[in-house]
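Structure assessment
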Amino acid sequence: QVQLVESGGDFVQPGESLRLSCAASGFSFGTADMTWYRQAPRKERELVASISTGGFASRYLDSVKGRFTISRDNAKNTVDLQMNSLKSEDTAVYYCKARGLKVWGQGTQVVVAS
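Predicted model, so just to flag it, every value in this text is computed and none were measured. (Residues numbered from 1 in each chain as written. Predicted model: local features only at pLDDT ≥ 70, side-chain atom pairs only at ≥ 80, totals over all residues. Heavy atoms only, no water.)

**Overview of the state of the cysteines**
Enumeration according to the criterion identifies one disulfide in this entry. Across the disulfide, cysteine 22 is cross-linked to cysteine 96 (sulfur-sulfur distance 1.8 Å). Separated by 74 residues along the polypeptide, cysteine 22 in strand 3 (residues 18-25) and cysteine 96 in strand 9 (residues 92-98) bring together distant segments of the chain. Residue cysteine 22 shares its accessibility class with cysteine 96, and that shared class is buried. (Disulfide = S-S within 2.5 Å. Helix = DSSP H or I, 4+ residues; strand = E, 2+ residues; numbered from the N terminus. Buried < 20%, exposed > 50% of the residue type's maximum accessible area, 1.4 Å probe, protein only.)

Laid out in structure tokens, this is it:
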């Protein structure tokens, strides 16, 4: 079955960096656009970044442009999210998802606070 396992979340201070990783299995990873979402407390889940099947096209939420970078390794079935210059408003549970599949992982918690 489809499995998505996120990792890398942590408690960091504003301005620091984190790299999230998602290991995918159970579907044809190389043919799926991949996405990262996040859900902050008392807020709707929002799309943070997406990357095309070959990794050549990516899109970002306006508030993370220039700070976050999504990447994928189709040989390893992983998709990463490099997050730099973190802000308190980036605090959320982060999830990866394959576009078109209705499966979510357990998420990984990111807390940005001084």
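Still more to cover.
**Describing the sheet that holds strand 2 (residues 11-12)**
Reading across from one edge, 2-10-9-4-5-6 is the order of the six strands in this open sheet, with mixed pairing throughout. Two strands close off the open sheet at either side, each with one partner strand: strand 2 and strand 6 (58-60). As paired elements, strand 9 and strand 10 (residues 108-112) share three bridges and run antiparallel to each other. Counterpart to valine 93 in the pairing with strand 10 is glutamine 109. (Pairing = 2+ DSSP bridges.)

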